[in-house]
Amino acid sequence: MTTNNTTASWNDFNDAESQQSGFDLIPKGIIVPVRMTILPGGYDDPTQGWTGGYATESFETGSVYLSCEFVVLSGEYAKRKVWSLIGLHSRKGPTWGQMGRSFIRAVLNSARNVHPKDESPQAAAARRIQGFADLDGIEFLARIDIEKDGRGDDKNVIHVAIEPDHPQYAKLMGVPIKATAASNPTAAVPAAKSTQTATQATAPATTGKPAWAL
């Protein structure tokens, strides 16, 4: 008769390894490529275009947000995770929701290589989504920040997406720098063609989009 070592191990913890101390925080200001995953909260509001159960509503404040996990994809801090909220609605006013919209705009610019000053039809199409599912799993460049949690301890957060106008964007994303009409008037036509090529492969169809996604 053989001994079930697995069962024995889970009844006797004397041979378990000592608990490891937590990771040190990622330094503030570090720029890393991340993949964003939305942790579903089960809240929907079809009038706002919030469907699929991705949003979360706070029972304490009534605020609505996306609870997101960001996994660092490469570099010294690869596989490290950061958790942050993207605001959608607050009873205190529109500021939090506007900040959330600005962040999502920057995420789309970063993920789809769209210059923030590019106002071409192709760039506008790349900044539209059909729903939160388009953001679940999106990869982009992010800046690591540090803020206090509810207990007063420091934690890493992500509130800023690094867009193509940043000096390190092209190198870290491994893509060529795109000229835009705003930065180089003589390059307006080539820039539009380049943007169109990129968005054809990445941007979803533009029909049936809710008002908040524009």
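A. Geometry of the nonpolar core. One finds Leu66, Phe70, Leu135 and Phe140 to be the most contacted residues of the largest nonpolar core, which totals 31 residues. Within the residue set of this core, elements represented by two or more residues are strand E1 (31–39), strand E3 (50–57), strand E4 (64–72), strand E5 (81–89), helix H2 (95–112), strand E6 (139–148) and strand E7 (154–161). When sequence neighbours within four positions are dropped, the list of residues in contact with Phe140 reads Val32, Pro33, Val34, Met36, Phe70, Phe103, Val107, Ser110, Ala111 and Ala161.

B. Region of the structure containing the confidence of the model for the protein chain. For the protein chain, the average pLDDT comes to 83, and 77% of its residues sit at 70 or higher. Here residues 181–214 is a poorly scored stretch, pLDDT under 50, and it has 52 contacts once near neighbours within four places are set aside; other chains count.

C. Spotlight on the environment of Thr51. The residue Thr51 is located in strand E3 in this model. By relative accessible area, which is 40% here, Thr51 ends up partly exposed. Thr51 has contacts with Asp44, Pro46 and Phe132, leaving out every residue within four places of it along the chain.

D. Region of the structure containing the packing of aromatic side chains. Applying the stated criterion across every chain, the model contains 3 aromatic pairs. Here the aromatic rings of Tyr65 and Trp96 are separated by 6.1 Å at their centres, their planes lie at 55°, and the arrangement is tilted. Linking Tyr65 in strand E4 with Trp96 in helix H2, this pair joins segments that are 31 residues apart in sequence. Both rings, one in Phe70 and one in Phe140, keep their centres 6.2 Å apart while their planes meet at 85°; by these two values the pair is edge-to-face. Linking Phe70 in strand E4 with Phe140 in strand E6, this pair joins segments that are 70 residues apart in sequence. Residues Phe70 and Phe140 agree in their burial class; the two are buried. One aromatic cluster is present, built from ring pairs that chain together Phe70, Phe103 and Phe140.

Criteria and thresholds
Residues numbered from 1 in each chain as written. Predicted model: local features only at pLDDT ≥ 70, side-chain atom pairs only at ≥ 80, totals over all residues. Heavy atoms only, no water. Core = buried A, V, L, I, M, F, W, Y, C linked by side-chain atoms within 4.5 Å. Buried < 20%, exposed > 50% of the residue type's maximum accessible area, 1.4 Å probe, protein only. Helix = DSSP H or I, 4+ residues; strand = E, 2+ residues; numbered from the N terminus. Contact = heavy atoms within 4.5 Å. pLDDT = per-residue confidence, 0-100. Phe/Tyr/Trp six-rings, centres within 6.5 Å; stacked < 30°, edge-to-face > 60°.

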